[in-house]
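Listed below are the residues making up each chain.
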Amino acid sequence: MINTKKLLVATLISMVSSSAIYAASTQSLVEEGRKVFVTKKLGNCLACHAVQGDDNIPQTGSIGPKLANLDNYPKEYLYNKIWDPNTTVSDTLMPPMGRSHKITKHQIDALVAYLQATTKAK
């Protein structure tokens, strides 16, 4: 009985630790995505897009659509849209950020994490 309790406690501690590590790595990815969004030499997304939910960045972009409620979209859809928007819309002004190697696959993943975390429907 004592060994069962010890095992249960150890399992719970492990689960809590894993959750904390996952939350920290997710937050880190979101922060990296925000950097890609605002940095001119990376994504520079704010040049064309306003983004709902992040009041700490200028909301001046008006060439592209305002980015809102993106947590409702599958990650793969957003990834592909950033990788090469021409695959779904042929007359877009948005450059193919991944296909043209402007940003890496990891940076696109981070950007998707930021957009989904920031633009959640209220």
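Residues numbered from 1 in each chain as written. Predicted model: local features only at pLDDT ≥ 70, side-chain atom pairs only at ≥ 80, totals over all residues. Heavy atoms only, no water.

**Some thoughts on the overall build of the protein chain**
Here comes step 1: Across its full length, the protein chain holds three helices and zero strands.
Here comes step 2: Counting helices and strands in the order they occur from the N terminus, the protein chain gives α-α-α.
Here comes step 3: A sequence separation of at least 24 residues applies to 52% of the contacts in the protein chain between residues at least 6 apart.
Here comes step 4: In the structure as shown, the protein chain presents an accessible area of about 8,200 Å², 60% of it carried by carbon and sulfur atoms. (Helix = DSSP H or I, 4+ residues; strand = E, 2+ residues; numbered from the N terminus. Contact = heavy atoms within 4.5 Å. Areas by Shrake-Rupley, 256 points an atom, 1.4 Å probe, with all protein chains shown as cover.)

**Regarding the packing of helix 2 (residues 75-83) against helix 3 (residues 105-118)**
Here comes step 1: Between helix 2 and helix 3, the shortest axis-to-axis distance is 10 Å and the interhelical angle comes to 125°. With respect to helix 3, the axis of helix 2 lies oblique. As for how helix 2 packs across helix 3, the hand of that crossing is right-handed. For the pair helix 2 and helix 3, the contacting residues are Lys 75, Leu 78, Tyr 79, Ile 82 and Trp 83 in the first and Lys 105, Ile 108, Asp 109, Leu 111, Val 112, Leu 115 and Gln 116 in the second.
Here comes step 2: Taken together, the residues that form the contact of helix 2 with helix 3 break down as eight nonpolar, one polar and three charged. (Axes fitted to C-alpha atoms, helices over the stretch in contact; angles between N-to-C directions. Parallel < 35°, antiparallel > 145°, perpendicular 65-115°, else oblique. Left-handed = near helix turned anticlockwise from the far one by under 90°. Nonpolar A, V, L, I, M, F, W, Y, C, P; charged D, E, K, R; others polar.)

**Details of the pattern of salt bridges**
Here comes step 1: Counted under the stated rule, the structure contains two salt bridges.
Here comes step 2: The shortest N-O distance in the salt bridge between Arg 34 and Asp 54 comes to 2.8 Å. A residue pair is termed long-range when its members are at least 10 positions apart, and Arg 34 in helix 1 (residues 2-38) and Asp 54 in the loop between helix 1 and helix 2 qualify at 20 residues.
Here comes step 3: Arg 34 gets classed as partly exposed once you look at its relative accessible area, which sits at 27%.
Here comes step 4: Between Asp 84 and Arg 99 there is a salt bridge; the shortest N-O distance is 2.8 Å. Linking Asp 84 in the loop between helix 2 and helix 3 with Arg 99 in the loop between helix 2 and helix 3, this pair joins segments that are 15 residues apart in sequence.
Here comes step 5: Given the relative accessible area of 8%, Asp 84 is considered buried. (Salt bridge = Lys/Arg side-chain N within 4 Å of Asp/Glu carboxyl O. Buried < 20%, exposed > 50% of the residue type's maximum accessible area, 1.4 Å probe, protein only.)

**Things to note about helix 2**
Here comes step 1: Restricting attention to buried positions, one finds in helix 2 the residues Leu 78, Tyr 79 and Ile 82. Taken end-on, helix 2 shows its buried residues confined to a sector of 100°, consistent with a single buried face. (Arc of directions from axis to C-beta.)

**What to know about the side chain of Asp 54**
Here comes step 1: A relative accessible area of 6% means that Asp 54 is categorised as buried.
Here comes step 2: A distance of 3.2 Å separates a polar side-chain atom of Asp 54 from the backbone nitrogen of Asn 56.
Here comes step 3: Filtering out sequence-adjacent residues up to four positions away, Asp 54 remains in contact with Arg 34, Gln 59, Tyr 114 and Thr 118. (Polar contact = N/O pair within 3.5 Å; in protein donor to acceptor, adjacent residues only side chain to side chain.)

**Observations regarding the side chain of Gln 107**
Here comes step 1: Structurally, Gln 107 is set in helix 3.
Here comes step 2: Contacts of Gln 107, omitting those with residues within four sequence positions, involve Glu 32, Val 36 and Leu 42.

**Digging into the confidence of the model for the protein chain**
Here comes step 1: Per-residue pLDDT for the protein chain has a mean of 83; in total, 79% of the residues score no lower than 70.
Here comes step 2: Per-element averaging of pLDDT across the protein chain places helix 1 at the bottom with 66 and helix 3 at the top with 96. (pLDDT = per-residue confidence, 0-100.)

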